[in-house]
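Residues per chain, in single letters:
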Amino acid sequence: MLIQFRFQNFKSFRDDTILDFSATKITEHIEHVVLQGNEKLLPVSAIFGANASGKSNVVEAFRFMATYVIQSFMYGGDSEKEKIEKLEYTPFLFDTTSQETESSFEVYFMGNEEHESKTYNYGFTLNRDGIVEEWLNTKAKTARNFRRIFYRNGSALDLAELPKKMQENIQLSLEKETLIASLGAKLKVGILKLVRDWFYSLNFADFSDPIENALLSRQLPPNFFEKQVQENVVSYLSAFDPSIIDFVVEKDENGKFKKVESVHRKADGGTVTLPLEQESSGTLKMFALYPALHDTLENGSILVIDELNARLHPLLVRSFLLTFLNPKINTNHAQIMFSTHDAWQLSNNLLRRDEIWFVEKDTEGISKLYSLADFEDDDGVKIRKDENYEKNYLLGKYGAIPTLKSFDMFRGE
């Protein structure tokens, strides 16, 4: 489980920024709290904010980190066969100093070892030229302090805690654009593969990106040829569209998917089939979310969604979130991090205050992330659990709302 994600100098976030899944000492919805090792963790982080406030950049920062860990063993080097273009360094651009300062990314997470729950602290900083600093520390459940596994600062490497036979391989193969965690996983170093695989298990869905949205809508669940899988998807979709009772799947001569149609029940008792692409945008989005949701729940990983509310009714969003909040369903302690404009989710007694986050951009273009549990009003008083969060948010009490003006440019002369 993710304990904390920390980043700095990425897009609209100039300063040190923390998204924390640790449960505070507040008393509402104690059933949400998951005890993992010595940590009390939460299954949900909901990020609210105005358009262009930077809330999507929180999701993008986490995705950037994960992608860099997974791919960077292919950055640089001489092999054009495996080499791919590295991710673009994107610091805060609205002051001269930040433009040339490294960006940093760090996570604390719990491992899923069978016999003990370790805490892992992994992070790196980078600039235009490549990796500046990288580190990995671990802490056993019974330990007080973290133990260094490796540390890198420029060309200086401390790999003493890694297997000796792999230390030389890493030193010889490491490029300035490449992370030790990524390269070490490729070289099958156990602890580095564990870190890489943790990032690899994350599921991302960006519904603010039209291209990715279209691709997700055409992505079929694994093993969708199997009737049991189709029945599972029908059961999932029936939670909001009971008219879908089956699927018809056709293959081409190579055994690949050719056409998928949904089978609907007609009013007279018969059935009718529709090409999947003709279903409503909401149905297509829920269909697109199924593979990631199933994988996340099954493996106890993290589902990260930008604009969860897009094209979905608020009650359907609520039902989706309850999947993570219900310990009888979420038996593997999966987590979800999402951005949304759906303020109604603040009004229905669904989330704890420490599961609610806001992003606000100031006059200098700097985004700030803060939790409702930490928010204090002008008198220095924290928010009570019996307040109407939705009403107060829309009234601007917590910030993170758009500054609205009339569209005077359309006014007649």
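Structural data are supplied above this passage.
Residues numbered from 1 in each chain as written. Predicted model: local features only at pLDDT ≥ 70, side-chain atom pairs only at ≥ 80, totals over all residues. Heavy atoms only, no water.

Participant: Just give me the short version of the pairing of strand β5 (residues 44-49), but keep the residues and values in it.
Facilitator: When you tally the buried positions in β5, you get six out of six residues, the bulk of the element. The two faces of β5 match: Val44, Ala46 and Phe48 on one face and Ser45, Ile47 and Gly49 on the other face are all buried. In the sheet, β5 pairs with strand β16 (residues 335-340) via five bridges, with the strands oriented parallel. Paired with Val44 across the bridge in β16 is Ile336. As paired strands, β5 and strand β17 (residues 356-361) are joined by four bridges and run parallel to one another. Residue pairing across strands places Ala46 opposite Ile356, the latter belonging to β17. (Buried < 20%, exposed > 50% of the residue type's maximum accessible area, 1.4 Å probe, protein only. Helix = DSSP H or I, 4+ residues; strand = E, 2+ residues; numbered from the N terminus. Pairing = 2+ DSSP bridges.)

Participant: Hey, could you go over the sheet that holds strand β10 (residues 156-158) for me, with residue numbers and the actual values?
Facilitator: In space, the seven strands of this open sheet follow the order β2-β1-β6-β7-β8-β9-β10, with antiparallel pairing throughout. The outermost strands of the open sheet, each flanked by one partner alone, are β2 (17-20) and β10. The average undirected angle you get between the axes of adjacent strands in this sheet is 10°. As paired strands, strand β1 (residues 2-8) and β2 are joined by four bridges and run antiparallel to one another. Residue pairing across strands places Arg6 opposite Ile18, the latter belonging to β2. (Axes fitted to C-alpha atoms, helices over the stretch in contact; angles between N-to-C directions.)

Participant: Which residues make up helix α7 (residues 227-237), and what values go with them?
Facilitator: All of the buried residues along α7 are Val229, Gln230, Val233, Val234, Tyr236 and Leu237. Buried residues along α7 cover an arc of 160° about the axis, so they all sit on one side. Along its buried surface, α7 packs onto β12 (244-251), α8 (281-299) and α9 (314-325). (Arc of directions from axis to C-beta. Contact = heavy atoms within 4.5 Å.)

Participant: How would you explain the sheet that holds strand β13 (residues 257-265) if you had to name every residue and give the values?
Facilitator: In space, the three strands of this open sheet follow the order β12-β13-β14, with antiparallel pairing throughout. Strands at the two margins of the open sheet, each flanked by one partner only, are β12 and β14 (271-275). When strand polarity is set aside, the average angle formed by the axes of neighbouring strands in this sheet is 30°. When β13 meets β14, the two strands line up antiparallel, connected through five bridges. Looking at β14, one finds that Ser262 is bridged to Leu274.

Participant: Which residues make up the pattern of salt bridges, and what are the values?
Facilitator: For the structure on display, the rule yields 19 salt bridges. Of the charged contacts in the structure, one is a salt bridge between Asp15 and Arg14, with a shortest N-O distance of 2.9 Å. Given the relative accessible area of 24%, Asp15 is considered partly exposed. We classify Arg14 as partly exposed; its relative accessible area is 25%. Here Glu161 makes a salt bridge to Arg147, at a shortest N to O gap of 2.8 Å. Taken together, the residues Glu161 in the loop between β10 and α3 (164-173) and Arg147 in strand β9 (residues 147-153) connect sequence positions 14 residues apart. On the accessibility criterion, Glu161 (44% relative accessible area) is partly exposed. On the accessibility criterion, Arg147 (41% relative accessible area) is partly exposed. One continuous salt-bridge network, built from bridges that share partners, spans Arg14, Asp15, Asp95 and Lys368. (Salt bridge = Lys/Arg side-chain N within 4 Å of Asp/Glu carboxyl O.)

Participant: How would you sum up the packing of α7 against α8? Please name residues and give values.
Facilitator: A pair of packed helices is characterised by two quantities: the angle between their axes and the separation of those axes. Viewed as axis vectors pointing N to C, α7 and α8 meet at an angle of 125°, and their least axial separation amounts to 11 Å. When the axes of α7 and α8 are compared, the pair comes out oblique. The element α7 and its partner α8 pack so that their crossing is right-handed. The segment α7 lies against α8, with Asn232, Val233, Tyr236 and Leu237 engaging Thr283, Met286, Phe287, Leu289, Tyr290 and Leu293. Counted by class, the contact of α7 with α8 contains eight nonpolar, two polar and no charged residues. (Parallel < 35°, antiparallel > 145°, perpendicular 65-115°, else oblique. Left-handed = near helix turned anticlockwise from the far one by under 90°. Nonpolar A, V, L, I, M, F, W, Y, C, P; charged D, E, K, R; others polar.)

Participant: Could you give me a rundown of the nonpolar core, with the residues and numbers involved?
Facilitator: Formed by 52 residues in total, the largest nonpolar core has its most connected members in Phe247, Ile305, Leu308, Phe320, Phe324, Ile336 and Phe358. The contact partners of Phe320, leaving out residues within four places of it in the chain, are Tyr236, Met286, Leu289, Leu293, Leu303, Ile305, Leu308 and Ile336. Listed in part, the 51 residues of the second largest apolar core include Val107, Tyr120, Ile170 and Ala181. (Core = buried A, V, L, I, M, F, W, Y, C linked by side-chain atoms within 4.5 Å.)

Participant: Explain the packing of aromatic side chains to me, and be specific about the residues and the numbers.
Facilitator: The final tally for this structure, using the stated rule, is 30 aromatic pairs. Ring centres of Trp198 and Phe199 lie 5.0 Å apart, and the angle between their planes is 85°; this geometry places the pair in the edge-to-face category. Across this residue pair, the class does not change: Trp198 and Phe199 are buried. Chaining the aromatic ring pairs together yields one cluster made of Phe10, Phe64, Tyr68, Tyr75, Phe105, Phe109, Tyr120, Tyr122, Phe124, Trp198 and Phe199. Across from the ring centre of Phe207, 4.4 Å away, lies the NZ or CZ of Lys285, which sits over that ring. (Phe/Tyr/Trp six-rings, centres within 6.5 Å; stacked < 30°, edge-to-face > 60°. Lys NZ or Arg CZ within 6 Å of the ring centre and 35° of its normal.)

Participant: Describe helix α6 (residues 210-217), naming the residues involved and giving the relevant values.
Facilitator: Listing the buried residues of α6 in full gives Glu212, Asn213, Leu216 and Ser217. For α6, the arc enclosing every buried residue in end-on projection is 135°, short of the 170-degree limit, so these residues lie on one face. Of the residues in α6, the exposed ones pointing more than 90 degrees away from the buried face are Pro210, Ile211 and Leu215.

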